[in-house]
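Structural description and commentary
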Amino acid sequence: QSALTQPASVSGSPGQSLTISCTGSSSDVGGYNYVSWYQQYSGKAPKLMIYEVSNRPSGVSNRFSGSKSGNTASLTISGLQAEDEANYYCSSYTTSSTVVFGGGTKLTVL
Amino acid sequence: QVQLVESGGGVVQPGGSLRLSCAASGFIFRNYGMHWVRQAPGKGLEWLTLISYDGTNKFYGDSVKGRFTISRDNSKNTLYLQMNSLRGEDTAVYYCAKDVDRGLDYWGQGTLVTVSS
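Residues numbered from 1 in each chain as written. Chains lettered and ligands numbered in written order. Predicted model: local features only at pLDDT ≥ 70, side-chain atom pairs only at ≥ 80, totals over all residues. Heavy atoms only, no water.

**Some remarks on the state of the cysteines**
Residue and element names in this part refer to chain A. Inspection of the entire model under this criterion finds 2 disulfides over all chains. Each disulfide pairs two cysteine sulfurs, and for C22 the partner residue is C90, the sulfurs being separated by 2.0 Å. Taking the sign of the S-S torsion, about 80° here, the bridge from C22 to C90 comes out right-handed. Of the two residues, C22 sits in strand β2 (residues 18–23) while C90 sits in strand β7 (residues 86–93), which places them 68 residues apart along the sequence. Considered together, C22 and C90 belong to a single accessibility category, that of buried residues. (Disulfide = S-S within 2.5 Å. Helix = DSSP H or I, 4+ residues; strand = E, 2+ residues; numbered from the N terminus. Buried < 20%, exposed > 50% of the residue type's maximum accessible area, 1.4 Å probe, protein only.)

Below, the structure written as structure tokens:
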């Protein structure tokens, strides 16, 4: 199972909106609404930010939103803040009943 | 509150074995699937394996299939990962995580496994 494709890095200024893409195939992202997004600070465990494409767990800021079109899922962060600087990973359920992660995206707040 | 605490990591020689444990609390453990995920130093997340709530279904990533075995003891609220035939590339922080519709909503703090002679 190949990893999902994410941009290695993205950057934005405080207050801006920013989108991170996650591209897979019809065997994973395109085939199921089981796409999740995680935020990870260096040296810390990942935190779930979005599940089932667009659902936010309790306690996650509504500045974070998710969507999907075809084989590509997206995480949008609006009103960018310094605390959003972290690594972000997507994941998807697959036809093999497994889970696959994206390679990760480093978000830098300028 | 949900807590997942991994243990059992350490240094092991190539070809050796190790068993990781994940003690769960704060939720009804027997009702949820559980995952193991690892992260090599400076690298991204790699999904390893999933076990269903009752232990009857187990799924593995290609990199660990045949070498690693996931199991659980619902009477002890504990998840396990038996790792055999360890290689240098298995060196990583290993996380257990709770399943929510194939997302991972709670994670442990991780335990470091180092494979080295």
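**Let's talk about the sheet that holds strand β8 (residues 78–83) of chain B**
Residues and elements named next belong to chain B. Across the sheet, which stays open at both edges, the 4 strands sit in the order β1-β3-β8-β7 with antiparallel pairing between neighbours. Either end of the sheet is taken by a strand with one partner, and the two such strands are β1 (3–7) and β7 (68–73). Recorded for the sheet is a direction-independent mean angle of 15° between the axes of neighbouring strands. Inspection of the sheet shows β7 paired to β8 by 6 bridges, in the antiparallel sense. Along β8, the bridge assignment pairs T69 with Q82. (Pairing = 2+ DSSP bridges. Axes fitted to C-alpha atoms, helices over the stretch in contact; angles between N-to-C directions.)

**Side note on unusual backbone geometry**
Positive phi values are uncommon outside glycine, yet E52 of chain A reaches one of about 50°. With respect to the secondary-structure elements, E52 of chain A resides in the loop between β4 (47–50) and β5 (64–69). Phi is positive for D101 of chain B, close to 50°, though the residue is something other than glycine. Its relative accessible area of 36% is what places D101 of chain B among the partly exposed residues.

**Quick word on the sheet that holds β2 of chain A**
Residues and elements named next belong to chain A. One open sheet holds the 3 strands; their spatial order is β2-β6-β5, and the pairing between them is antiparallel. With partners counted over all chains shown, the strands left at the sheet margins are β2 and β5, one partner each. Strand-to-strand twist across the sheet, computed as the mean angle between neighbouring axes with direction ignored, equals 20°. As paired elements, β2 and strand β6 (residues 72–77) share 6 bridges and run antiparallel to each other. If you follow S21 over to β6, its bridge partner there is S74.

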